[in-house]
Amino acid sequence: MVDVLYVAIIIAFFGLMAAFVRWCEHIIGTDDAVDLPYDGIEDDTSPETTDRPEPNSAVKTPEEVPS
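The structure displayed is predicted, hence computed values, not measured ones. (Residues numbered from 1 in each chain as written. Predicted model: local features only at pLDDT ≥ 70, side-chain atom pairs only at ≥ 80, totals over all residues. Heavy atoms only, no water.)

## A closer look at the overall build of the protein chain
No. 1: For the protein chain, the count of helices and strands is one helix and zero strands.
No. 2: When each of the 67 residues of the protein chain is scored for burial, the buried share is 3%.
No. 3: If you sum the accessible surface of the protein chain, you get close to 7000 Å²; carbon and sulfur atoms cover 64% of it. (Helix = DSSP H or I, 4+ residues; strand = E, 2+ residues; numbered from the N terminus. Buried < 20%, exposed > 50% of the residue type's maximum accessible area, 1.4 Å probe, protein only. Areas by Shrake-Rupley, 256 points an atom, 1.4 Å probe, with all protein chains shown as cover.)

## Thoughts on the packing of aromatic side chains
No. 1: Enumeration according to the criterion identifies two aromatic pairs in this entry.
No. 2: A ring pair is formed by phenylalanine 13 and phenylalanine 14, whose centres lie 5.4 Å apart and whose planes are at 75°; its orientation type is edge-to-face.
No. 3: Residue classification places phenylalanine 13 among the partly exposed residues on the basis of a relative accessible area of 44%.
No. 4: Measuring from centroid to centroid gives 6.1 Å for phenylalanine 20 and tryptophan 23, while their planes differ by 45°, and the two rings are tilted. Taken as a pair, phenylalanine 20 and tryptophan 23 lie in helix α1 (residues 2–28) at a separation of three residues, close to a single helical turn. (Phe/Tyr/Trp six-rings, centres within 6.5 Å; stacked < 30°, edge-to-face > 60°.)

This is the structure we're talking about:
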């Protein structure tokens, strides 16, 4: 009997949480997707045409560091 009560409480909890989320979405509204700036990744555009900064050339690789 305790098992049935436990399962019923768990089902009721998730049901209440789902109802709460739907109620909050009704009050606030659904989340609209935000349009991010176009970066040219989707269509194989060459990296020269994107607005990315040039890499810092002062950073040395382990092979360039004198021992």
